[in-house]
Amino acid sequence: MGTPDTDQPHPARIYDYLLGGAFNFAADRAFAEQIIATMPGAPLAARINRDFLRRAVQAAVADGVDQFLDLGSGIPTVGNTHEVAPAARVVYVDHDAIAVAHSRDVLAGHPDATIVAADIRDADTVLTAARELIDFSRPVAVLAVAVLHFVPDAEATLAPYRAAIGPGSLIAISHATHDAEPGVEQARRMYESRGIPGFARTKAEVTALLDGLTLLPPGVVWTSRWRPEADDDIEPTASLAYAAVGRVP
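Every chain is numbered on its own, with residues counted from 1 as its sequence reads. Restriction of local features to residues with pLDDT of at least 70 applies here, the model being predicted, together with a cutoff of 80 or more for giving and counting side-chain atom pairs; totals for whole chains, interfaces and linings are based on all residues. As a convention, hydrogens and water are excluded, and side-chain values are obtained from all of the structure's heavy atoms.

Visitor: Just checking my understanding: could you explain the environment of Y92 for this structure?
Guide: Counting from the N terminus, the helices are DSSP H or I runs at least four residues long and the strands are E runs at least two residues long. Along the chain, Y92 turns up in strand β2 (residues 89-94). According to the relative accessible area criterion, Y92 is buried, its value standing at 6%. Along the backbone, Y92 and I115 are 23 residues apart, and their C-alpha atoms lie at a distance of 4.6 Å. Whether a residue is buried, partly exposed or exposed follows from its accessible area with a 1.4 Å probe, protein chains only, as a fraction of its type maximum: under 20%, in between, or over 50%, in that order.

Visitor: For this particular structure, what's the right way to read the side chain of N24?
Guide: Note on placement: N24 falls in the loop between α1 (11-18) and α2 (26-38). For N24, a relative accessible area of 8% puts it in the buried group. Contacts: residue pairs with any heavy atoms within 4.5 Å of one another. Setting aside residues no more than four positions away along its own chain, N24 makes contact with R13, D16, Y17 and R29.

Visitor: What exactly am I supposed to notice about the pattern of salt bridges here?
Guide: One side chain can pair with another of opposite charge once the charged atoms of both are near each other. Salt bridges are defined by distance alone: a side-chain nitrogen of Lys or Arg within 4 Å of a carboxyl oxygen of Asp or Glu. Here the structure, examined in full by the defined rule, presents 10 salt bridges. Among the ionic pairs, D28 bridges to R13, the shortest N-O distance being 2.8 Å. Highlighted residues: D28 in helix α2 and R13 in helix α1, separated in sequence by 15 residues. Across the pair, exposure class does not vary: D28 and R13 are buried alike. The partner of D119 in a salt bridge is R121, with the nearest N and O atoms 2.7 Å apart. Overall, the relative accessible area of 23% leaves D119 in the partly exposed class. R121 sits in the exposed class, given a relative accessible area of 51%. One continuous salt-bridge network, built from bridges that share partners, spans E185, R188, R189 and E192.

Visitor: In this structure, what is going on with the environment of F150? I would like to understand it.
Guide: By the secondary structure assignment, F150 is in the loop between β4 (141-145) and α7 (154-164). F150 has contacts with P11, Y191, I196, P197 and F199, leaving out every residue within four places of it along the chain.

Visitor: Where do I start with the packing of α2 against helix α8 (residues 182-193) in this structure?
Guide: Relative placement of two packed helices is described by the angle separating their axes and the distance separating the axes. With their axes 9 Å apart at the nearest point, α2 and α8 run at an angle of 155° to one another. Relative to α8, the element α2 is oriented roughly antiparallel. Where α2 crosses over α8, the two elements pack in a sense that is right-handed. Where α2 approaches α8, its residues F31, Q34, I35 and T38 are matched on the opposing element by G183, Q186, A187, M190 and Y191. We call Asp, Glu, Lys and Arg charged. Ala, Val, Leu, Ile, Met, Phe, Trp, Tyr, Cys and Pro are nonpolar, and the rest, Gly among them, are polar. Residues belonging to the contact of α2 with α8 are distributed by class as follows: 5 nonpolar, 4 polar and no charged. Working convention: axes come from line fits to C-alpha atoms, limited for helices to the stretch in contact. Angles between N-to-C directions cover 0 to 180 degrees. By definition in this entry, angles of less than 35 degrees are roughly parallel, angles greater than 145 are roughly antiparallel, angles of 65 to 115 are roughly perpendicular, and the rest are oblique. Crossing handedness: left-handed means the near helix sits turned counterclockwise from the far one by under a right angle, and right-handed means the same turn made clockwise.

Below, the structure written as structure tokens:
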């Protein structure tokens, strides 16, 4: 993958900073602070999204799924998929050299979890590597959490993964939206100005990504409202994103 360009912000490291992580650089922190100045709720939205990942993994385990393909997994932090589902087989995928290197350190000693260094749009490479650990003849949970808003054609990106999984498999997504917060569109333009494409999508567009799948209740909702574990006073729109989990019929 080559040496990472630490002078340019990267989505995985920006997200790590928003979560309070330590695997980021000055360029990531400076850009993240610009985002926070525009959208003060960004750190909260990042934490809400991370909580959704945990709940989605727990739901998959409760559904009998014990294999996970985590697309755009980013910098490992507390609550990784293999920690939430310790008895599962987990394949993480990311193309940021820092995320991959740190993932390898974290996963040392975990024979049922690995990291694939690849762009999620290169599905052939991802799936070939994933098959070394995951049995696609059995149900698999594909996680596309806070990643599809960085690809121009989310439907085309998901298509080969949908084709690779069979009945009983799940796809979990969360996706940024500008439906309720104008600052999301401004943040998207800021990302774009740094060479990072961004595509905030409407609820209808996010719903279409899971067309043909059976949506697990409560369907496509604000991320904080997907099976919350307790009542809270967080405004649902503070999520800045929608979330859903669909099952392959």
